Amino acid sequence: MKRILLYTLAYPSQPKKVHPLFGSVHATTFLEWAHNWTSQLIPLIESDNIRELLRTVHPSMRRDVRTLFLFLPYVLLHAIMSKNNMEYIQEEILAVIGLENLESDCQPSVERSKYKMLRHIRMTPNINSVQTEEGNQGKCSKTVYTLLDFLNRWLLEWCHVKPKPLENENYKSIKKFMEKFDKLAIARGNFSCGELERALQYLELYMDEQKGRMQEQLPLLAEIYALLDEPDSVAGIQSLKRSEPSLKELILTQVVTGRLQDAALCYERLAQEGQLDRHSLQGMIDCYLGLDQPFTACRLLSEHDSDDMMEFTAEPLWRLGRFEQLDELAKKPVPPSRENWGLLMGRILLAYRSQDQDVFKISCDSAMNRLLSQMDGESRGESALRSGYQSILGLHIITEASHAQDVLQRLKVLDDGNSTSTDIVNQLLGEWRQRLSVVQSDVRTVEPLLRIRRILLQQTQELLEPTHPATANQLKTCIGDLWLQSAKHARKAGIFQQSYMYILNAEEYKPEELFIEKAKIYWARGQQEQSFTTLRRGLEEAYPQIEKLTQEQRKICAKARLLIAKYNDETTNVDVDVNIGYYKESVDVFQQWEKSLVCLGSYYEKVSTTETPNNTSTLWSRRLYALNSYGKALQYGHKYLYQSMPRMLSIWLDVEVTSADTSIHAVLAQMTDVIKTYSERLPIYLYLTAFSQIVSRICHPVKEVYLQLKAIIVKLILAYPQHTLWNIMSVIKSSYPQRMRRCAEVFSDPRLKEPQMLKLVCDFTQLAEKLIELCNKPIAGSGSVTTVTSLVRTLPRLLAGENFSHIMMPFQEFCKVVLPSKAARQERIDLNIPTEPPVYIAGIEEQINIIPSLQKPRKVTLRGSDGKAYIIILKPRDDLRKDYRLMEFNAVVNRFLQDAPETRRRRLYIRTYSVLPLNEECGVIEWVPNLVGLRPVLMNIYKQKGIHTTNRELKDMMCSSRDPVEKKRRIYEEQLLVRHPPVFQEWFRRVFSDPYGWYQARSAYIRTTAVMSMVGYILGLGDRHGENISFDSTNGDTVHVDFNCLFNRGESFEWPERVPFRLTHNMEAAMGPLKHEGMYRKSCEAVMHALRAQTAALMSVIGPFVYDPLVSWGRARSVALDCGERTNEQALQHLSHIRQRLNGMVRYRSCTTRWCRGAARAPSRSTAASAPTSRRCSICRTYDNVSTAW
């Protein structure tokens, strides 16, 4: 108590009651304003206890900034609850943000905003030349906006935790206070402060309240998304605009989405209309620099010669190699505030040319410090990386310049032609390749790196030419390769004109692969004859005698021949046998190339399906060749593993032996011999990726095939017992006698009779039996908690036994097989998975929680050997084998999404978890924490708002399935929709209260929803009600559960499912004002592009469904359970539908079901996926379909 009195006595006198405080002599600095405003707010609090408490800690607030900002939100909250103070507090806040809004109209702030925009959309790093230290105004404004966030969060939390929250007086006071502020003004204020996520949040709230004025705010929305580097949303905004966009709006969209050529044309039009102001001119210059046309940029600057833009001339000059003019420019005095990236990099290059090492080091350090100071140190995580990535790119460039300087110094002291010189250059090129593998893969990031490398090597070559001609000539070859890399990246980005320009520049250096890249450019531009001519001419001129070629030259020759074969296949220019010859030529030239072998196998397989039934010998010989090609490909890498391994096994296992055609026996015998050969040659871990496919065919009717399958399974169990035993457990415990017998025969193999292996198999089987018992044992009463010992007394003792085997924890992070890295693909290395699992089951917690649902799943906690608790779900009376197979399918999809550039850039993925069936009726599911279902979320919000609809009310509203569509539509529109307004967006604002966290979570929700929408559509995934769609409350990810309703089974329900996937009005509302446009649509299209490119591989993964008797196809289960393998005709039909959907065929409902091509022209990437996506989205939102599903 004495200490408190001392603090009170030592506290200085309060400032006079100045109002508003901001802008007065008592608020000259940010901290002074915060301290003094706090001291004014505390006396306004009505509650004596709270007021005295805050007065007590107020001295600490003055001494410690963190304490001040910890208490300030609560001081403001309780001051507002004293209703008489609202206007007083509001005036102070408006004094801060009101001035901010006025300042946003002033030139410096506009300029700052423009430059920040340019920093994000430029192709090269930009030093913000008007960047100044954030002043008092900005800091105070950001603090006020953070306080308003706190008050909004308090309102949402109050509604969530309190009964009848809307009737509370404190709630009413805070709500009334917040309603006094114009959300649009707050959005604009945050935008000018650079708080983009908060600006977006308030702008969306405004647009939601003022729906009629949404069109007016679309330009601001586009600017925010542009600065957030979200081109999909910017493109989506254009589709919502009712009026034609202005030139400046078009420029923004085109620059952000990477269509720089179109943007340049718009700038030209802007110049013709006389609207080219200073900022537009700078944007035009940046656009031409982005198109790698520095001559045009330099010409523009010379036409608008002025002292206030001379620093922008630096970058075009060093790109053009005009270093004399650059030297003159660098000598001119330029204020530090106007120094930009071009000028700083120009000084580095000038020092590099003059070989003044001291100046070079000073220039590099200066540029690095400027880039580091520009990065937003207050941002967190991905936000800091996103907003500062152009600065990071600049740091990469400066680092490479330093490395080049070191290499130059080392080369100068060596003799010309010394082998060490080659090693030094190759080491530098290796480092450069590694750098490209870690930076973002888009052309905006890669091209500046390639450009500066060319300039550095060009300068190095010129410096070494007089004394080291051989080394200089080697560097010249490297420059040509860099031009080719630029052409390749531009072509893949669809920038064909720029790519062709790089090709023209590369011709000076004559790189060996020039003719291949030129042919690809011609083909991409639709010039097919020129492409063929270029390839043939290049082969004739460069490689007339193949036997004299080096390995590198052989691979280049193989690439060219493979292109000829693939292009012939696309255009059907030549006969099948002739084109097979072209594919074989590619393989024969360079036999160690995985890709050519995969393409040959794929072509053999493709043309075998076109053979007539009478020509069976050709059909089977081609399939045999295809199988052999896939096997050979796997010897040289696993980049195309999911194209090769599943197809190789499918060709072999899909041969149907009949008594009518005895020749098939011989073909199958040949194929079995080939498989046996490759099972001995290939690393066994490659077969582990197809373990489910192999096990599903364990009942194959041909003995020789079964024996080979058995041999592969035994090898896999020996090499990877933990992974295989968990996955084969459902077969061991199968109710199909034939499958059980075959499985028993596998485990009777002498190689599995080793004592240690016998013990492991025995313990695995024991554990599975106990878990099945624990899962199925009836529970007395209706309690929500029980114990392990009351159900299976021996299980804890079994797991605690000293001799019990170490069994891997059945979690995805441990069961997932991670293949060797890309760098190791060409080397013969095995996947060394340790026999001892990283985490094994060490025990089990006594308590079991019963989840309230129809099956009453049991929530069980296992103790891991690492001391952590691992929660699993034991689900009874549910066949989890489809869930297990679908999780495997999703894992393969994730790999393809990671490989495809468009889906990787958007960070598209499916959230997966471990599912392990124990038999046909129960299994183990990994517990995913922090998940909340869509229905519980919506029900809670409706209850808080007092508009909850009871089950009885819903039942009264329901129609009969036989009622006409008109009645269903009327009830849906007039009763159901009115009682269920869109509210899901409120959950995101409450759970992710921080604006940055809200934006990231919302983006993750949209993207993961898009991926599962497309994958679910392809597989015919149904039963997607509000409890089977969940969301991760830590990051917003959409997580789907319960995959029992596959292959359009929902169409046979009493109320048939009419929509391809769930896209309800609540789900759309949570996506923001763009709804399904923008991010969602573009993500859907990218997923369909990626999956369509991998149709064959995906069909091979789904194929085991046909042969594994695990799918309920709508027919009664076969009476003869003791039968061997059987092919379900209905399953084949469903797989045919999946293939049609992957190929862009959309099924339309009419009197007869028919399939129509979703896009008229498949070769067009933009239309091939977008047209079916549009159709599917419209089907999901059509009221007739939705109302029929209710």
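The chain has the name Serine/threonine-protein kinase ATR in an unreviewed UniProt entry, where Bicyclus anynana is given as its organism. The chain has a UniProt comment under Subcellular location (unreviewed entry) that states "Nucleus". Taken directly from UniProt, the Sequence similarities (unreviewed entry) text for the chain runs: "Belongs to the PI3/PI4-kinase family. ATM subfamily."

1. Some remarks on the sheet that holds strand β9 (residues 1038-1040)
Spatially, β7-β8-β9 is the arrangement adopted by the three strands of the open sheet, whose pairing is antiparallel. Two strands lie at the open edges of the sheet, namely β7 (931-933) and β9, each paired on one side alone. Within this sheet the neighbouring strands show an average axis-to-axis angle of 40°, counted without direction. As defined by bridge partners, β7 adjoins strand β8 (residues 1029-1032) across three bridges and the pair is classed as antiparallel. Bridging from a neighbouring strand, V932 pairs with F1031 of β8.

2. Re the packing of helix α2 (residues 30-41) against helix α3 (residues 48-63)
For the pair α2 and α3, the least separation of the axes is 10 Å and the interaxial angle reads 170°. The angle between α2 and α3 places the two elements in the roughly antiparallel class. Residues H35, N36, T38 and S39 of α2 form the contact with α3, whose participating residues are H58, M61 and R62. Its residues assigned to classes, the contact of α2 with α3 comprises one nonpolar, five polar and one charged.

3. Observations regarding helix α8 (residues 169-179)
Within α8 the residues assigned to the buried category are Y171, S173, I174, F177 and M178. For α8, the angular spread of the buried residues around the axis is 160°, confining them to a single face. Of the exposed residues in α8, the ones pointing more than 90 degrees away from its buried face are K176 and E179.

4. Some remarks on the sheet that holds strand β5 (residues 915-917)
Sheet strands pair by backbone hydrogen bonding; their relative direction is either parallel or antiparallel. If you trace the six strands from one edge of the open sheet to the other, you get β1-β2-β3-β4-β6-β5, paired in antiparallel fashion. The sheet terminates laterally at β1 (785-787) and β5, the two strands that pair on one side only. Sheet twist, expressed as the mean angle between neighbouring strand axes with direction ignored, is 30°. In the sheet, β5 pairs with strand β6 (residues 923-926) via three bridges, with the strands oriented antiparallel.

Procedures and definitions
- Residues numbered from 1 in each chain as written.
- Predicted model: local features only at pLDDT ≥ 70, side-chain atom pairs only at ≥ 80, totals over all residues.
- Heavy atoms only, no water.
- UniProt positions renumbered as here; feature names shortened; annotations may be inferred.
- Pairing = 2+ DSSP bridges.
- Helix = DSSP H or I, 4+ residues; strand = E, 2+ residues; numbered from the N terminus.
- Axes fitted to C-alpha atoms, helices over the stretch in contact; angles between N-to-C directions.
- Parallel < 35°, antiparallel > 145°, perpendicular 65-115°, else oblique.
- Contact = heavy atoms within 4.5 Å.
- Nonpolar A, V, L, I, M, F, W, Y, C, P; charged D, E, K, R; others polar.
- Buried < 20%, exposed > 50% of the residue type's maximum accessible area, 1.4 Å probe, protein only.
- Arc of directions from axis to C-beta.

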